[in-house]
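Structural overview for review
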Amino acid sequence: MFFEAKDYAEASRILAPVAEGEPGNRAVVELLGRAYFHSAQLGRAEDAFRSLVELDPVNGWAYEALARTLERRGRADEAGRYRKLALAMGTEETGEIEVSVSAADLVIGS
């Protein structure tokens, strides 16, 4: 609901305690990272996407999201490393951080 309304700050406020309680839930971490990214909480977005990369090291989307976040933080050189990994995994470079999960994926234990 908050993503549809583009109220990413509120989405992040709601998702943060869920992610804290379920740090291994990739869907929650991904949505939280996206909410942080879109609400310009870039330090938090970076942390979330780094966590997602650790949780799912073969997820090219996670590397692309981390690269985009680093670029927005003015760290293009560092972003290049993650962009290359994403491309090697078959993920295309994008200007958008799209979500690949839905609210149904947030169920604890997913």
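Just so it is clear, the model here is predicted, and its values are computed rather than measured.

Criteria and cut-off values
Residues numbered from 1 in each chain as written. Predicted model: local features only at pLDDT ≥ 70, side-chain atom pairs only at ≥ 80, totals over all residues. Heavy atoms only, no water. Helix = DSSP H or I, 4+ residues; strand = E, 2+ residues; numbered from the N terminus. Buried < 20%, exposed > 50% of the residue type's maximum accessible area, 1.4 Å probe, protein only. Contact = heavy atoms within 4.5 Å. Areas by Shrake-Rupley, 256 points an atom, 1.4 Å probe, with all protein chains shown as cover. Core = buried A, V, L, I, M, F, W, Y, C linked by side-chain atoms within 4.5 Å. Expected span 1.5 Å × (residues − 1). Polar contact = N/O pair within 3.5 Å; in protein donor to acceptor, adjacent residues only side chain to side chain. pLDDT = per-residue confidence, 0-100.

The next subject is the overall build of the chain. Across its full length, the chain holds five helices and zero strands. Secondary structure of the chain in N-to-C order comes out as α-α-α-α-α. Within the span of the chain, comprising 110 residues, buried residues form 42% of the whole. Across the chain, contacts joining residues at least 24 apart in sequence account for 55% of those joining residues at least 6 apart. Counting only carbon and sulfur atoms, one obtains 50% of the accessible surface of the chain, whose full area is about 6000 Å².

This paragraph deals with the nonpolar core. Ranked by internal contacts, the top residues of the largest apolar core, which has 28 residues, are Phe 3, Phe 49, Leu 52, Leu 66 and Tyr 82. Of all elements in the fold, only helix 1 (8-21), helix 2 (26-38), helix 3 (42-55), helix 4 (60-72) and helix 5 (76-88) reach the threshold of two or more residues within this core. Dropping the residues within four chain positions of it, Leu 66 is found in contact with Glu 46, Phe 49, Arg 50, Val 53 and Tyr 82.

Looking now at helix 4. Compared with the 18 Å implied by 1.5 Å per residue over 13 residues, the 19 Å span of helix 4 between its first and last C-alpha is a close match. Buried within helix 4 we find Gly 60, Trp 61, Ala 62, Tyr 63, Glu 64, Ala 65, Leu 66, Ala 67, Arg 68, Thr 69 and Leu 70. Here helix 4 starts with a cap whose side-chain oxygen sits 3.0 Å from the backbone nitrogen of Trp 61, and that cap is Asn 59. Just downstream of helix 4 lies Gly 74, where phi reads positive at about 80 degrees.

Of note in the backbone geometry, Lys 6 takes a positive phi value of approximately 60 degrees without being a glycine. As for its position among the elements, Lys 6 is in the segment before helix 1. Exposure remark for Lys 6: the relative accessible area of 62% places this residue in the exposed category. Phi is positive for Ala 40, close to 60 degrees, though the residue is something other than glycine. Along the polypeptide, Ala 40 turns up in the loop between helix 2 and helix 3. A relative accessible area of 48% places Ala 40 in the partly exposed class.

Here we come to the confidence of the model for the chain. Averaged over every residue, the pLDDT of the chain is 87; the share at 70 or more is 85%. The least confident element of the chain, judged by mean pLDDT, is helix 5 at 94; the most confident is helix 3 at 97.

For the rest of this paragraph, the subject is the side chain of Thr 91. Of note, Thr 91 is situated in the segment after helix 5. At 3.5 Å, the side chain of Thr 91 and the backbone nitrogen of Trp 61 are in polar contact. The residues contacting Thr 91, other than those within four sequence positions of it, are Gly 60, Trp 61, Glu 64 and Ala 86.

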